[in-house]
Amino acid sequence: TNQRMINQTHADSLSIEIVAEKIDDGYTGTNFQRPGFQEMMQLLRAGKANCVIVKDLSRLGRDFTEVLNYVQRIFPEMGVRFISVMDAYDSASENSQNDYLSLPIKSLINESYPANTSISIRGTLNSMRKEGLFVTAFTYYGFKKDPQDRHRIIIDPVAGGVVRDIFRLKLSGYSQDGIAVYLEKKGILTPADYKVSQGINFKTPFKKYARSNWTAQAVGRILSNVSYTGVLIQGRTTTPNFKVKKIIQKP
């Protein structure tokens, strides 16, 4: 609401007609594929708008390189006027060339916010893992989060019993396929379906149909999961940094 008022007041003072307002609530400013931003670019490319007004540079984005790319190259090439109200920047102003030195500094400061946040969160999670605290979104099948402490996991009395049965059957000589057949005959829900039945918004690449079936592979994943020996494994994947979302597998 505050940003809308600032932008509207400034547009009115310059007799600029607002043709659209694009909002990206809930999206990180380091992402330029966010829907509102892309809709704005479509309007500009279609010639339905020729000016962009933001409260400050951080509202355009928090990626230093990309922000400058849009402000200093893409918008000028498109003939689009860019106004950052609180930064007192207007590309149509005669003084805009003088602001070329200050804009990179302001943009770099804006990028430091998500960078510092990322570093802080990574450090906090790493410390919690070292303390043996559970920081993953979902527990392994057979466990559940302690209602009194979400960073502690306890055995799920229902699913935990199924896990015990799987190991008991394996020790009794059953094959993985035989165990899967046994669980199907008993009408036991698969791990994915069980999570859904518990009201957990869970998605997995292993689930292909509305009602999953037990398979030898699913049983094998449980039998080979070292977590059932009491070892807590976390932080197996990471990303290079807050700007690069490529998943890296840790040894």
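Scroll up a little and you will see the structure.
Calculation rules
- Along each chain, numbering runs from 1 in the same order as the chain's sequence is written.
- Reporting of local features is limited, given that this is a predicted model, to residues whose pLDDT is at least 70; pairs of side-chain atoms are given and counted only at 80 or more, and all residues count toward the totals for whole chains, interfaces and linings.
- To obtain the side-chain values, all non-hydrogen atoms of the structure were used and water was disregarded.
- The numbering of helices and of strands both runs from the N terminus, where a helix is a DSSP run of H or I of at least 4 residues and a strand a run of E of at least 2.
- Each residue is assigned to one of three classes by its accessible area relative to the maximum for its type, calculated with a 1.4 Å probe on protein chains only: buried under 20%, partly exposed between the two thresholds, exposed over 50%.
- The criterion used for residue contact is that any of the two residues' heavy atoms lie within 4.5 Å.
- Note on areas: these come from Shrake-Rupley sampling with a 1.4 Å probe, and a residue is covered only by the protein chains present in the view.
- Axes, fitted as lines to C-alpha atoms, cover a helix only where it is in contact. Angles between the N-to-C directions of the axes lie from 0 to 180 degrees.
- The scheme is simple: roughly parallel for angles under 35 degrees, roughly antiparallel for over 145, roughly perpendicular for 65 to 115, oblique for anything else.
- In the scheme used here, Gly and all other residues not listed as nonpolar or charged are polar, with Ala, Val, Leu, Ile, Met, Phe, Trp, Tyr, Cys and Pro taken as nonpolar and Asp, Glu, Lys and Arg as charged.
- For Phe, Tyr and Trp, rings pair up if their centres lie within 6.5 Å, where Trp contributes its six-membered ring, and each pair is then called stacked (planes under 30 degrees apart), edge-to-face (over 60) or tilted (otherwise).
- Charge-over-ring contacts are defined here by two conditions on Lys NZ or Arg CZ: a distance within 6 Å of the ring centre and an angle within 35 degrees of the ring normal.
- Here the rule is simple: two strands pair whenever DSSP picks up at least two bridges between them.

Chemist: Would you mind showing me how to read the overall build of the protein here?
Modeler: Along the backbone of the protein there are nine helices and seven strands. Burial status across the protein gives 35% buried among its 251 residues. Residue pairs in contact within the protein that sit at least 24 positions apart in sequence constitute 55% of those at least 6 positions apart. Carbon and sulfur atoms make up 53% of the accessible area of the protein, which totals about 15900 Å².

Chemist: What is the right way to read the packing of helix H7 (residues 176–185) against helix H9 (residues 216–223) from this model?
Modeler: Two packed helices can be described by the angle between their axes and the distance between those axes. For the pair H7 and H9, interaxial distance at closest approach is 8 Å and the crossing angle is 105 degrees. The angle between H7 and H9 falls in the class roughly perpendicular. For the pair H7 and H9, the contacting residues are Gln176, Asp177, Ile179, Ala180 and Leu183 in the first and Ala216, Val219, Gly220 and Leu223 in the second. In the contact of H7 with H9, the residues fall into six nonpolar, two polar and one charged.

Chemist: Which parts of the structure should I look at to understand the packing of aromatic side chains?
Modeler: To describe a pair of aromatic rings, you give the distance between the ring centres and the angle between the ring planes. Counting across every chain of the model gives eleven aromatic pairs. Where Phe37 meets Tyr70, the ring centres are 5.0 Å apart and the plane angle is 85 degrees; that geometry is what we call edge-to-face. One end of the pair, Phe37, is in helix H2 (residues 35–45); the other, Tyr70, is in helix H4 (residues 64–78), with 33 residues separating them in the sequence. Judged by relative accessible area, Tyr70 falls into the buried class, the value being 9%. A ring pair is formed by Tyr141 and Tyr194, whose centres lie 6.1 Å apart and whose planes are at 85 degrees; its orientation type is edge-to-face. You can see Tyr141 sitting in the loop between helix H5 (102–130) and strand S4 (143–146) and its partner Tyr194 sitting in helix H8 (residues 191–197), a full 53 residues away along the chain. Each member of the pair, Tyr141 as well as Tyr194, carries the same accessibility label: buried. Site record: aromatic cluster; members linked through ring pairs are Phe32, Phe37, Tyr70, Phe75, Phe82 and Tyr89. Looking at Arg34, its charged tip hangs above the ring of Phe32, at a distance of 5.4 Å from the centre.

Chemist: Can you help me understand the sheet that holds strand S2 (residues 81–84) in this one?
Modeler: Sheet strands associate in pairs through backbone hydrogen bonding, adopting either a parallel or an antiparallel arrangement. In spatial order, the strands read S1-S2-S3; together these three strands make up an open sheet with mixed pairing. Looking at the sheet topology across the chains shown, the edges are occupied by strand S1 (51–54) and strand S3 (89–90). Relative to S2, S1 runs parallel, the two sharing four bridges. Bridge assignment links Val54 to a residue of S2, and that residue is Ser84.

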